[in-house]
Amino acid sequence: MTTRDHAMRLLGHRLKQAGLATPDLDARILVQAVTGASDIEMIREPGTLLTKAEEERLGEWERRRLAREPVSRILGSREFWGLTFTVTAETLDPRPDSETLIETALDLLKEVPAPRLLDLGTGTGCLLLALLHECPGASGIGADLSEGALAVAASNAAALGLDARAAFIESEWTAAVEGRFDLVISNPPYIRHGDIEGLDEEVRLHDPMLALDGGADGLDAYRALARLLPDHLTHGGHAVIELGAGQEAEVTEIFEAAGFGVLRVVSDLGGVPRALVAYMPRA
């Protein structure tokens, strides 16, 4: 038997030897999860012994992490915007970079008392549900092609107590969507098809291809959104769209060619242009 502290240090060492990017953090999260210890207990009680069952489970999690399975998928959950979301094989793993979309959208919604929101390619529902959490007067729809993802999103909405204000529908982009919305938000697939094989194993082997593959040039989804969104934005409404690294100029051109004005492009904490804000000028 081993202590929490020893298990954490040993696991961190093994993950570091394997070349993983954040070995100590991964080790702490996994040991804390397997023991059920709180943050304070991890600090105050480092000498607490793991049970045999906990050691066995941690060993299995170590094997999975060494096989490049993300920690969030091992645990079945990911924190995003301070909220906990279930993740499965049917959903994209929410990334901190996408929180830039939430900050940007909230700024746009400050003067809208009861906004109606649309999240296209909703996945876990993290974008829509984070906005609903911050905007008590808002309601919204999340659309996705994946039945599995929609089930996860609905479960997340219920777990967060937001299911009364969120609906989820199966739709290829806006095909099954009716009405207009004050804000449309989307993290579309934007990886060039030819680049997918070169992605990190954590992404390539575990994120659904539907959420990654943006076509030959990575821009297929942006073309579709630019074509479809004018029929679903209110006058004065905005679209907040996630960008892949280096795509800001091309996506801006696509939206402007479709008649949109591009208000701004917002960079994430790493300085990468991440969120494009578009609007349809009044006729």
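Residues numbered from 1 in each chain as written. Predicted model: local features only at pLDDT ≥ 70, side-chain atom pairs only at ≥ 80, totals over all residues. Heavy atoms only, no water.

Caption draft 1: Seen up close, helix α2 (residues 23-35). In this model, α2 (13 residues) spans 18 Å end to end at C-alpha, consistent with the 18 Å of a helix rising 1.5 Å per residue. Turning to α2, its buried residues number three or more, namely Pro23, Asp26, Ala27, Leu30, Val31, Gln32, Val34 and Thr35. Looking at the buried side of α2, the elements it contacts are α1 (4-17), α3 (39-44), α4 (52-66) and α5 (71-75). One or two positions beyond α2, positive phi appears at Gly36, with a value near 75 degrees. (Helix = DSSP H or I, 4+ residues; strand = E, 2+ residues; numbered from the N terminus. Expected span 1.5 Å × (residues − 1). Buried < 20%, exposed > 50% of the residue type's maximum accessible area, 1.4 Å probe, protein only. Contact = heavy atoms within 4.5 Å.)

Caption draft 2: Broad picture of the pattern of salt bridges. By the definition in use, this model includes 19 salt bridges. Residues Asp207 and Arg95 are paired through a salt bridge, measuring 2.6 Å at the closest nitrogen-oxygen approach. Remark: Arg95 occurs in the loop between β2 (83-86) and α6 (99-109) and Asp207 occurs in the loop between α9 (201-204) and α10 (220-228); sequence separation between them is 112 residues. Residue class for Arg95 comes out partly exposed when judged on its relative accessible area of 27%. Close ionic contact of Arg264 with Asp107 constitutes a salt bridge, the shortest N to O distance being 3.1 Å. Taken together, the residues Arg264 in strand β8 (residues 261-267) and Asp107 in helix α6 connect sequence positions 157 residues apart. (Salt bridge = Lys/Arg side-chain N within 4 Å of Asp/Glu carboxyl O.)

Caption draft 3: Local environment of the side chain of Thr35. Assignment of secondary structure puts Thr35 in helix α2. Its relative accessible area of 17% is what places Thr35 among the buried residues. A polar contact of 3.2 Å, which involves the side chain of Thr35, links it to the backbone oxygen of Gln32. Among the polar contacts made by the side chain of Thr35, one reaches the main-chain amide nitrogen of Ala37 at a distance of 3.3 Å. Discounting chain neighbours no more than four positions away, the residues touching Thr35 are Arg4, Met42, Leu50 and Glu54. (Polar contact = N/O pair within 3.5 Å; in protein donor to acceptor, adjacent residues only side chain to side chain.)

Caption draft 4: Examining α4 more closely. Counted at 1.5 Å a residue, the expected span for α4 with its 15 residues is 21 Å, and the 21 Å between its end C-alpha atoms agrees. Where α4 is buried, its residues meet α1, α2, α5 and α9.

Caption draft 5: Layout of the packing of α10 against helix α11 (residues 248-257). It is at 9 Å that the axes of α10 and α11 come closest, and there the two elements cross at 25 degrees. Judged by the inter-axis angle, α10 sits roughly parallel to α11. With respect to the hand of their crossing, α10 and α11 are arranged in right-handed fashion. On α11, the residues that touch Tyr222, Arg223, Leu225 and Ala226 of α10 are Val251, Ile254 and Phe255. Its residues assigned to classes, the contact of α10 with α11 shows six nonpolar, no polar and one charged. (Axes fitted to C-alpha atoms, helices over the stretch in contact; angles between N-to-C directions. Parallel < 35°, antiparallel > 145°, perpendicular 65-115°, else oblique. Left-handed = near helix turned anticlockwise from the far one by under 90°. Nonpolar A, V, L, I, M, F, W, Y, C, P; charged D, E, K, R; others polar.)

Limitation: the analysis is restricted to geometry and does not speak to function.
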